[in-house]
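Understanding the architecture of this molecule
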Amino acid sequence: MMKEQRPANSTDPLLVSGNLKIQAPKQLMDSTKLINHFSKHIKLTTDEIELINSLFSQRSLKKREFLLKSNQICRTESFIFSGCLRTYSIDENGFEHTLTFAVEDWWTGDLLSFLTEMPSFYNIVALENSEILQITKMNLDKLYVEVPKLERYFRLLIQNAYVTQQQRIIQNLSQTAEQRYLAFIEKYPAFLQRISQKHIASYLGITPVFLSMLRKKVSRW
């Protein structure tokens, strides 16, 4: 979870949220992981791969560094080369509500803000040192025109994300906290080693204390 962008000027959309490290195409990190990800769904020619490499840029995030803050406009979609990021909101009482986690080979960003250029409601922060590849809306639109099969790929990506969110809403409305926790560890077992109990509790909509009780109960089974 991206080189039309030229180095550093204050109007470059990739610099709006600050601290973005843009490199020339020849310096782009090994994009094999991104190309392999695309290739699971579509076949790409050498020219198409070169175009993809030219339209993505690299960014490094340190642990606890923000990719996006609420009230900023999400200017890019980001493919995660390595690391882990969390998307969350903060309510009027100061409580955090985690929407998603994203790890290697996943995409992250606020699609609504990205498409509408309206300020985001969410924060996206790195839980680990992370490397990401980013693409702006202008470059993504160019990619759709020049590699039409990628438009279908991103359409399927959005559809799958929508289905996942609908399933989560249904779980939150119809399942107990214990059922939600069991479903979480079944679907994302590796997350238990990478994500803090506090953040998992925030994702499940329960307190860390209650999550600790659930973990002890499950461990006795």
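Below is a summary of the structure that appears in this document. (Residues numbered from 1 in each chain as written. Predicted model: local features only at pLDDT ≥ 70, side-chain atom pairs only at ≥ 80, totals over all residues. Heavy atoms only, no water.)

Some details on the layout of surface pockets
Quantified by volume, the largest pocket comes out at close to 1400 Å³. What lines the largest pocket is a set of 45 residues, among which Trp107, Leu157, Ile158, Ala161 and Tyr162 lie closest to the centre. Those elements that place two or more of their residues in the lining of the largest pocket are strand 5 (96-103), strand 6 (107-108), helix 3 (111-116), helix 4 (137-146) and helix 5 (148-174). Grouping the amino acids of the lining of the largest pocket by side-chain chemistry returns 25 nonpolar, 12 polar and 8 charged. (1 Å grid on protein atoms, 1.4 Å probe; cavity = no way out; pocket = protein on both sides within 12 Å on 5 of 7 lines; lining within 4 Å. Points joined across faces, edges and corners; volume = space filled by probe spheres on them. Helix = DSSP H or I, 4+ residues; strand = E, 2+ residues; numbered from the N terminus. Nonpolar A, V, L, I, M, F, W, Y, C, P; charged D, E, K, R; others polar.)

Quick look at the packing of aromatic side chains
A full pass over the atoms with the stated rule returns 17 aromatic pairs. Between Tyr144 and Phe154 the ring centres are 6.0 Å apart and the planes differ by 65°, which places this aromatic pair in the edge-to-face class. Taken together, the residues span a long stretch of sequence, with Tyr144 in helix 4 and Phe154 in helix 5 at a distance of 10 residues. In this pair, the class of Tyr144 matches that of Phe154, namely buried. Taken together, the ring pairs in this structure connect Phe38, Phe56, Phe79, Trp107, Tyr144, Tyr153 and Phe154 into an aromatic cluster. Positioned over the ring face of Phe81 is Lys33, at 5.1 Å from the centre of the ring. (Phe/Tyr/Trp six-rings, centres within 6.5 Å; stacked < 30°, edge-to-face > 60°. Buried < 20%, exposed > 50% of the residue type's maximum accessible area, 1.4 Å probe, protein only. Lys NZ or Arg CZ within 6 Å of the ring centre and 35° of its normal.)

Looking at the sheet that holds strand 5
Strand order in this open sheet of 4 strands is 2-7-4-5, and the pairing throughout is antiparallel. Looking at which strands have only one partner, the edges of the open sheet turn out to be strand 2 (66-68) and strand 5. Strand-to-strand, the axes of this sheet are offset by a mean angle of 25°, without reference to chain direction. (Pairing = 2+ DSSP bridges. Axes fitted to C-alpha atoms, helices over the stretch in contact; angles between N-to-C directions.)

A closer look at the sheet that holds strand 6
A sheet is described by the order of its strands in space; here 4 strands give the open sequence 1-8-3-6, paired in antiparallel fashion. With partners counted over all chains shown, the strands left at the sheet margins are strand 1 (57-61) and strand 6, one partner each. Bridge count between strand 3 (residues 76-82) and strand 6: 2 bridges; the pairing is antiparallel. Bridged to Phe79 within strand 6 is Trp107. Contacting strand 3, strand 6 and strand 8 (130-136), helix 1 (residues 32-39) runs over the sheet at an angle of about 110° to strand 3. (Contact = heavy atoms within 4.5 Å.)

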